Amino acid sequence: MSKVKFEKIKRPEKIGLPFMLDFYPLQDEKNTRISQFFKNLKQGHLTTTKCKKCRKLLWPPRIVCPECLSENLEWVDLGVEGELYAFTEIRLGAPLGFVEDVPFCVGIVKIGSLLISTRIDDAKYEELKIGDKVRLKVVELPDRRVFYRFYKTKEQ
Amino acid sequence: MRQVAIVAGGEAKAGRRAASWRDLVQEAGKALFEDVDNLSPKDVDSIFVGAAQPERFAFLSYVAPLVAEYIGVTPRKVIARTELACVSGQAAIRYAWNCVATGMSDIAVAIGVEKMYPPDMAEAQSTMACVLDREWDGVNCFSAPPIFAVTAQRHMYEFGTTKEQMALVSVKNHHYSSLNPIAHLQKEVTVEDVLNSRVVAPPLSLFDCCPMTDGSAGVILVRAEDVKKYTDTPMYLIGSGQCAIGNVINNLASLTEWVPLKLAAEEAWRTAKITKDDVDIAEVHDCFTISEIMEYEGLGFCEKGKGGKFIEDGEPYIGGKVAVNPSGGIMGCGHPLGATSIYHAIEILKQFRGDVDRGRYVKGAEIGIQHSLSGAANQHSILVCSREPR
């Protein structure tokens, strides 16, 4: 037996999902200058910024218009309905924090001129088709942050 | 601007390796300097390290000096890491090329590395899913397979492309990789194998997707007038094109037409003073089967929407219109992000040297292109390589 000293040391057995591996953005005014987006979403409104100078509709919301550099932006309501532009279903390879949800659908929803990526809830892949009408829903995380998702409406 | 050539290439075996991030770099560095005469690591004045996500995959940052130390290079001119997701390796070649062309450097190394098999696969997937805008697309689980799945779905919807046509890309590339000793996957697959493999994100199945891969590869760049000191078989860099449009899904130019690819290709042909018909070898970014089909179209090898027919007709095979991915591509060789483009540049060098298996040798090839894309295919990069100086 070697004369070298051996010792077992302690480490935390389990570490919760660290902030830097959390996909959801920080939403309050201390952490972002677009906190209004999340305040609106809490009220059931999906909104984005539109440039008051060059009239460009911007997604995602900004604090500076990349077209004309204006900071004079206004919040506009995108409504609650969209059309399914494309979709798939996550069956393998979900990231941390989403593994428990597998399988689930994700897609791109067309709202006016915008193509917004989103989770598509309450439907299996086989039940969806391009052009389906989908409707906004708001999900709340345990820490009260919110995010938008869409689901397929009964009336098509 | 001075003309620049690649005089050496060295690779680690790609695959699911029982080796660490820094083991891979040492293997590639050794192979690189053994591939060149009259040049040792101490002669290198500049180094660029292509590494996409070492912070996540290896919990390392500030990796350029680490790599330089491990391969014995002490740069006195320029040193930096390059990051452009899946194109990080080509970015390293581009910067090295620029430095040698402008005279800032005389001997530059571009080396890429990625270690993609950590103990926890969900953590690796988290790493991949922060390439697309994490707060607006990644948060919806749009990592690589889902974004290329919806791209494939729209391509099928708009142009009638079929899953069988997509499977043919996998069949071709696995065939060539079965003849490539450094490739990750060395087993042939059939159309049925592809169609019956596990669904990852419909319409994409497992064999529609490239594997996650550990690997490292490097090249040495010098000015053309110095080439003869180091090798009889150099590869000249004669043109390039690179274009990025938008980032978040909403701001892509189009899901089904890769406009940045088209523009990068036009620029590559213009700067190299060639046309698409001069291309003998196209090492392109087949991260998913649909990608290669859209690259036939974007590079102008066939009409828009006819990429599926192009492979059905056998045109991207050796002996067809253009040899596409005779290495086996990313699909067969694997995709160690920071090293991928460099492996494929070395493939063209080996083809020019005739240093490949006869079953995948493109005889008499004079012009090869190395194409890489990144993110949601919003960024495309093309290098034009020539056997002869121009």
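Residues numbered from 1 in each chain as written. Chains lettered and ligands numbered in written order. Predicted model: local features only at pLDDT ≥ 70, side-chain atom pairs only at ≥ 80, totals over all residues.

Enquirer: Hey, could you run me through the overall build of chain B in this one?
Expert: A count of helical and extended segments in chain B gives 14 helices and twelve strands. The C-alpha atoms of chain B give a radius of gyration of 19 Å, which matches the 21 Å a tight globule of 390 residues would have. For chain B, the spread of C-alpha atoms along the principal axes amounts to about 55 × 45 × 40 Å. Relative to its 390 residues, chain B shows a buried fraction of 62%. (Helix = DSSP H or I, 4+ residues; strand = E, 2+ residues; numbered from the N terminus. Rg over C-alpha atoms; globule rule 2.2 N^0.38 Å. Buried ≥ 20, exposed ≤ 12 C-beta atoms within 10 Å, placed from the backbone.)

Enquirer: Help me understand the overall build of chain A in this model?
Expert: Along the backbone of chain A there are one helix and eight strands. Across chain A, helices and strands are ordered from the amino to the carboxyl terminus as α-β-β-β-β-β-β-β-β. The globule rule puts the C-alpha radius of gyration for 156 residues at 15 Å, and the 21 Å found for chain A is more than 25% above it. Burial statistics for chain A: of 156 residues in total, 28% are counted as buried. In chain A, of all internal contacts separated by at least 6 residues, the share reaching a separation of at least 24 is 46%. (Contact = placed C-beta atoms within 7 Å.)

Enquirer: Where do I start with the domain arrangement of chain A in this structure?
Expert: Residue and element names in this part refer to chain A. When cut into domains, chain A gives domain 1 (25-79) and domain 2 (80-156). Each of domain 1 and domain 2 was reduced to a C-alpha centroid, and the two centroids are 21 Å apart. Contacts between the two partners involve ten residues from domain 1, matched on the other side by eleven residues from domain 2. A per-element tally of the side of domain 1 that touches domain 2 places helix α1 (residues 35-42) first, with three residues. A per-class count over the side of domain 1 that touches domain 2 returns six nonpolar, three polar and one charged. (Domains from an automatic or database assignment. Nonpolar A, V, L, I, M, F, W, Y, C, P; charged D, E, K, R; others polar.)

Enquirer: Honestly, unusual backbone geometry in this entry has me stumped. Any pointers?
Expert: Most peptide bonds are trans, and most residues other than glycine sit at a negative phi. Residue Pro60(A) is bonded to the preceding Trp59(A) through a cis peptide linkage, with omega at -5°. When you line up the elements, Pro60(A) lands in the loop between β2 (57-58) and β3 (73-77). Residue Pro202(B) is joined to Pro203(B) through a cis peptide bond whose omega torsion reads 5°. Position of Pro203(B) relative to the elements: it lies in the loop between β5 (199-201) and β6 (204-205). Phi angles above zero are rare outside glycine, and Phe59(B) is one such case at about 50°. The topology assignment puts Phe59(B) in the loop between α2 (54-57) and α3 (63-71).

Enquirer: Which parts of the structure should I look at to understand the interface of chain B and chain A?
Expert: Often the size quoted for an interface is simply the accessible area lost on bringing the parts together. In this assembly, 31 residues from chain B lie in contact with 30 residues from chain A. Sorting the residues of the side of chain B that touches chain A by element identifies α5 (121-129), α6 (144-159) and β5 of chain B as the ones contributing at least two each. Counting residues per element, the side of chain B that touches chain A draws most heavily on α6(B), which supplies seven residues. Within the side of chain B that touches chain A, the residues separate by chemical class into 18 nonpolar, seven polar and six charged.

Enquirer: Whenever I open this one, the sheet that holds strand β10 (residues 323-324) of chain B confuses me. Can you help?
Expert: Sheet strands associate in pairs through backbone hydrogen bonding, adopting either a parallel or an antiparallel arrangement. All names here are of chain B. In space, the ten strands of this open sheet follow the order β3-β2-β4-β7-β1-β8-β12-β11-β9-β10, with mixed pairing throughout. Two strands bound the open sheet, and with one partner strand each, they are β3 (78-82) and β10. Looking at chain direction, strand β8 (residues 235-244) and strand β12 (residues 379-386) are connected through eight bridges and run antiparallel. For Gln 242, the partnering residue across the bridge sits in β12 and is Ser 381. Where helix α1 (residues 21-34) meets the sheet, it contacts β1 (4-11), β4 (107-114) and β7 (215-223), and its direction lies at approximately 35° from that of β7. Along the sheet, helix α14 (residues 337-353) makes contact with β1, β2 (46-50), β4, β7, β8, β9 (281-283), β11 (367-374) and β12, crossing β7 at roughly 60°. (Pairing = 2+ DSSP bridges. Axes fitted to C-alpha atoms, helices over the stretch in contact; angles between N-to-C directions.)

Enquirer: Would you mind going over the sheet that holds β2(A) with me for this structure?
Expert: A sheet is described by the order of its strands in space; here three strands give the open sequence β2-β1-β3 (chain A), paired in antiparallel fashion. Among the strands making up the open sheet, the edge pair consists of β2 and β3 of chain A.

Enquirer: What is the right way to look at helix α7 (residues 163-177) of chain B in this model?
Expert: Note that an α-helix has 3.6 residues per turn; residues three or four places apart therefore point the same way. Residues and elements named next belong to chain B. End to end, α7 covers 21 Å across 15 residues, agreeing with the expected 21 Å (1.5 Å per residue, within 8%). Judged by how many residues are buried, α7 sits mostly within the fold: eleven of 15 residues are covered. Residues Gln 165, Met 166, Ala 167, Leu 168, Val 169, Ser 170, Lys 172, Asn 173, His 174, Tyr 176 and Ser 177 constitute the buried set of α7. Where the residues of α7 are buried, they touch α6, α8 (191-196), α11 (289-298), α12 (307-312) and α13 (329-333). (Expected span 1.5 Å × (residues − 1).)

Enquirer: What is the right way to look at the packing of α7(B) against α11(B) in this model?
Expert: When two helices pack together, their arrangement is given by the angle between their axes and by how far apart the axes lie. Residues and elements named next belong to chain B. Where α7 meets α11, the closest approach of the two axes is 8 Å, and the angle between their N-to-C directions is 95°. The angle between the axes of α7 and α11 places the two elements in the roughly perpendicular class. Between α7 and α11, the residues in contact are Gln 165, Met 166, Ala 167, Val 169 and Ser 170 and Thr 289, Ile 290, Glu 292 and Ile 293, respectively. (Parallel < 35°, antiparallel > 145°, perpendicular 65-115°, else oblique.)

Enquirer: I would appreciate a short explanation of the environment of Arg360(B) in the present structure.
Expert: Residue and element names in this part refer to chain B. Its location among the elements puts Arg 360 in the loop between α14 and β11. C-beta crowding within 10 Å serves as the criterion here: with 20 such atoms nearby, Arg 360 is assigned to the buried category. For the pair formed by Arg 360 and Thr 190, sequence separation is 170 residues and the distance between their alpha carbons is 18 Å. Here Arg 360 is in contact with Tyr 176, Leu 179, Asn 180, Ile 318 and Pro 326, once residues within four sequence places are set aside.

Enquirer: Even after reading the chapter, I still don't get the packing of α6(B) against α11(B), so can you show me in this structure?
Expert: Residue and element names in this part refer to chain B. Put simply, α6 and α11 touch, their axes get as near as 9 Å, and they point 55° apart. With respect to α11, the axis of α6 lies oblique. Where α6 crosses over α11, the two elements pack in a sense that is left-handed. Within the contact between the two elements, α6 uses Phe 148, Thr 151, Ala 152 and His 155 and α11 uses Ile 290, Ser 291 and Met 294. (Left-handed = near helix turned anticlockwise from the far one by under 90°.)

Enquirer: I tried to follow the nonpolar core on my own but got confused; where do I start?
Expert: Where a protein is soluble and globular, its nonpolar side chains tend to be buried together. With 163 residues, the main nonpolar core has Ala96(B), Ala108(B), Ala110(B), Ile220(B) and Leu221(B) as its most contacted residues. By residue number, the principal contributor to this core is α14(B), which donates nine residues. Both of domain 1 (25-79) and domain 2 (80-156) of chain A provide at least three residues apiece to this core. If we ignore the near neighbours within four places in the chain, the residues touching Ala96(B) are Ser46(B), Phe48(B), Ala108(B), Val109(B), Ala110(B) and Leu221(B). (Core = buried A, V, L, I, M, F, W, Y, C linked by C-beta atoms within 7 Å.)

Enquirer: What am I meant to see in the pairing of β12(B) here?
Expert: Where a strand is regular, its side chains alternate between the two sheet faces. All names here are of chain B. Within β12, eight of the eight residues are buried, leaving the element largely enclosed by the surrounding structure. When β11 meets β12, the two strands line up antiparallel, connected through eight bridges. Considered in β12, the bridge of Ser 372 is made with Ser 381. Hairpin connection from β11 to β12: four residues lie between these consecutive antiparallel strands, with Gly 375 at a positive phi of about 60°.

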